[in-house]
Amino acid sequence: MAKRDLDIFAGEYALGTLDAEERAEAERLLQSDAGFARHVRDWERRLSPLSEAGEAVQPPASAWGRIASAISTGTVAASNPLSELAGQLVELKRSLSIWRYATMTAMAAALALAVVWLGGLQSPFQPPAAPEERYVAMLKSDDGKMGFVVTMNMDGKQFAIKPVAAKQPEGHSYELWAIMKDKKQPMTLGLVQTSAYAMMDAPPVLDSKELDKGVELAISMEPMGGAPKGQPMGPVMYAGLLVKATP
Amino acid sequence: MAQPQLDQLLRAAAGGDQDAFKAIYDATSAKLFGVAVRILKRSDLAEDVIQDAYLKIWDAAPSYSPDIGSPMSWMVAITRNRAIDVLRKRTEIGVDDQSEVIEQEDETPDPYELTAQSRDLKALLGCMEMLNPDQRQCLLLAYYYGYTHEEISDRMSTPVGTVKSWIRRSLARVKKCLDNG
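Residues numbered from 1 in each chain as written. Chains lettered and ligands numbered in written order. Predicted model: local features only at pLDDT ≥ 70, side-chain atom pairs only at ≥ 80, totals over all residues.

Our next topic: the overall build of chain B. Helices and strands together make up the secondary structure of chain B, namely eight helices and zero strands. Starting at the N terminus and walking to the C terminus, you meet the elements of chain B as α-α-α-α-α-α-α-α. Across the 181 residues of chain B, 43% fall into the buried class. Relative to all contacts within chain B whose residues are 6 or more apart in sequence, the contacts with residues 24 or more apart total 62%. (Helix = DSSP H or I, 4+ residues; strand = E, 2+ residues; numbered from the N terminus. Buried ≥ 20, exposed ≤ 12 C-beta atoms within 10 Å, placed from the backbone. Contact = placed C-beta atoms within 7 Å.)

This is the structure we're talking about:
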């Protein structure tokens with residue numbers, strides 16, 4: 001791109017009119033090209049007086065909570081913003097449509113079966129029963145590292161959570177949340193350990209109807225004993241979508 | 001809030017003063033939330049966006065310098081960028097649930113109608129007056145709503161190629177005018 005165009009490209013970025021692809025390109029340039037970054041700052045400064053117009057709207061009182069908690073525990077730099085969850089969900093939805101996801105699901109199902117088999121719940125010498133309805137989620141960190149595998153068995157209303165490579169955070173607890181499609185607030189499923197495989201009770205609201213609509217699980221880092229107000233305040237460390245692993 | 005005071009609070013926050021940061025939040029959150037709601041048209045997403053924006057502001061406060069604009073315009077830029085990123089991620093894949101969209105009067109903010117305008121705004125609006133009304137409208141739609149060229153083209157019933165060249169030419173003219181002013 002010619003020099004003069006780069007300045008206008010920076011202007012379009014600051015104005016906010018680039019589409020997703022162009023925006024990604026501009027953000028790459030911002031990281032790699034100091035001249036472009038300077039252009040963007042200049043444009044932001046030129047255009048920002050426009051923000052004097054436009055209605056101010058009081059945010060909900062809850063908005064300060066997570067900010068206060070993050071700055072007081074010093075987890076800001078490591079935080080994985082909650083709004084990223086929307087993005088992660090999008091990523092998962094996108095990957096559903098490609099073959100890689102099919103492989104991942106098959107692997108997770110195999111892993112789930114191995115967990116059940118090791119648990120002695122189903123002997124390989126007995127005639128196979130009709131497959132139970134089962135959902136699987138792989139909870140990954142932002143950089144794609146697998147932290148936990150969750151398998152949910154719809155008969156017993158219980159789910160198993162198996163730590164894979166997650167480390168116990170010092171002085172904090174990991175709390176597991178269900179994010180349902182139609183509900184605004186995440187629902188806590190309880191604290192999770194990184195040391196051992198555990199069975200936990202699933203709340204009745206997580207039925208197959210809800211799961212088919214799409215439920216995401218997320219693990220946030222909270223103060224010892226869990227989020228004090230029943231809503232996640234800390235950064236999201238691992239997240240993944242529950243997908244049906246049986247026919 | 002007077003500008004010098006926000007400057008001072010930001011310097012205190014850069015040194016780790018959480019009370020100063022709360023004062024910044026109290027003074028600016030309605031403005032930033034308004035910016036995010038207008039772009040995302042959803043209160044829940046806008047709340048996430050300002051939370052992320054304030055964490056970024058807290059994090060980046062030590063690197064803030066008046067050369068990059070007033071504290072308010074710096075914070076608005078951070079919020080707009082975050083809001084537009086979230087907007088693009090959602091519309092790209094089409095996950096937007098229309099039922100949760102806030103129904104609002106689609107009245108684009110009009111900076112020309114403001115009774116109290118800063119010196120910088122007066123200068124910018126003076127330069128934008130050289131543009132024809134349609135070209136000016138393109139800039140305002142892009143700035144206030146984060147619309148893409150395509151979305152502006154739909155709303156103004158103008159071919160997307162025309163919108164693109166209008167915006168590029170308008171930016172170039174505004175820049176030249178401001179730099180000479």
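From this point, the narrative continues.
Glancing now at the packing of helix α6 (residues 133-145) of chain B against helix α8 (residues 160-180) of chain B. Residue and element names in this part refer to chain B. Relative orientation of the contacting elements α6 and α8 amounts to 90°, with a least axis distance of 9 Å. Considering the angle they form, α6 stands roughly perpendicular to α8. Contact with α6, carried on its side by Q135, C138, L139 and A142, involves V163, W166, I167 and S170 of α8 and no other residues of that element. The residue inventory of the contact of α6 with α8, partitioned by class, reads six nonpolar, two polar and no charged. (Axes fitted to C-alpha atoms, helices over the stretch in contact; angles between N-to-C directions. Parallel < 35°, antiparallel > 145°, perpendicular 65-115°, else oblique. Nonpolar A, V, L, I, M, F, W, Y, C, P; charged D, E, K, R; others polar.)

In this section: the environment of A:L211. Residues and elements named next belong to chain A. Position of L211 relative to the elements: it lies in helix α7 (residues 208-213). Accessibility expressed as a C-beta count within 10 Å gives 22 for L211, which makes it buried. What L211 contacts, discounting residues up to four positions off in sequence, is Y135, L206 and L242.

Grouped together as the largest cluster of nonpolar side chains are 66 residues, with contacts concentrated most on B:A36, B:L40, B:V49, B:I50, B:A83 and B:A142. Ignoring sequence-local partners within four residues, the contact set of B:A142 consists of A:L15, A:G16, A:T17, B:Y147, B:I152 and B:I167. By size, the runner-up hydrophobic cluster in this structure holds 33 residues, among which are A:L139, A:V150, A:V215 and A:I219. (Core = buried A, V, L, I, M, F, W, Y, C linked by C-beta atoms within 7 Å.)

Most peptide bonds take the trans configuration, and most residues that are not glycine carry a negative phi. Residues and elements named next belong to chain B. A positive phi is found at K41, a non-glycine position, where the angle reads about 55°. The residue K41 is located in the loop between α2 (18-40) and α3 (43-60) in this model. Exposure remark for K41: the 19 C-beta atoms within 10 Å place this residue in the partly exposed category. Its identity as a non-glycine residue notwithstanding, S157 has a phi of 45°, on the positive side. For S157, the position within the fold is in the loop between α7 (149-156) and α8. Judged by the 6 C-beta atoms lying within 10 Å of it, S157 falls in the exposed class.

Here we come to the pairing of strand β5 (residues 187-192) of chain A. Bridging between strand β4 (residues 172-180) of chain A and β5(A) involves five bridges; their strand directions are antiparallel. Within β5(A), the position partnered with A:A178 by the bridge is A:M187. (Pairing = 2+ DSSP bridges.)

Moving on, we come to the interface of chain B and chain A. Taken together, the contact between chain B and chain A spans 60 residues of the former and 46 residues of the latter. Where the side of chain B that touches chain A is concerned, the elements lending two or more residues are α2, α3, α4 (71-93), α5 (119-128), α6 and α8 of chain B. The element best represented in the side of chain B that touches chain A is α3(B), accounting for 12 residues. Looking at the side of chain B that touches chain A residue by residue, the class counts come to 33 nonpolar, 11 polar and 16 charged.

Residue and element names in this part refer to chain B. For α8, which comprises 21 residues, the first-to-last C-alpha distance of 30 Å matches the rise-based estimate of 30 Å (1.5 Å per residue) to within 8%. All buried positions along α8 are accounted for by V163, W166, I167, S170, L171 and V174. Projected onto a plane normal to the axis of α8, the buried residues spread over an arc of 130° and lie on a single side. The exposed set on the far side of α8, more than 90 degrees from its buried face, consists of G161, K176, D179 and N180. (Expected span 1.5 Å × (residues − 1). Arc of directions from axis to C-beta.)

On to the confidence of the model for chain B, then. Residues with a pLDDT of 70 or more make up 90% of chain B, whose mean pLDDT is 88. In the model output, the complex is listed with pTM 0.60 alongside ipTM 0.91. (pLDDT = per-residue confidence, 0-100.)

We now examine the environment of B:S118. Mapping B:S118 onto the fold places it in the loop between α4 and α5. Overall, the presence of 16 C-beta atoms within 10 Å leaves B:S118 in the partly exposed class. Once residues within four sequence positions are removed from consideration, B:S118 is found in contact with A:P49 and A:E52.

Let us look at the packing of α2(B) against α3(B). All names here are of chain B. It is at 9 Å that the axes of α2 and α3 come closest, and there the two elements cross at 135°. Classified by the angle between their axes, α2 and α3 sit oblique to one another. In the packing of α2 onto α3, the handedness of the crossing is right-handed. Of the residues in α3, those in contact with F21, Y25, S29, L32, F33, A36, V37 and L40 of α2 are S43, L45, A46, V49, I50, A53, Y54 and W58. Here the residues of the contact of α2 with α3 are counted per class, giving 14 nonpolar, two polar and no charged. (Left-handed = near helix turned anticlockwise from the far one by under 90°.)

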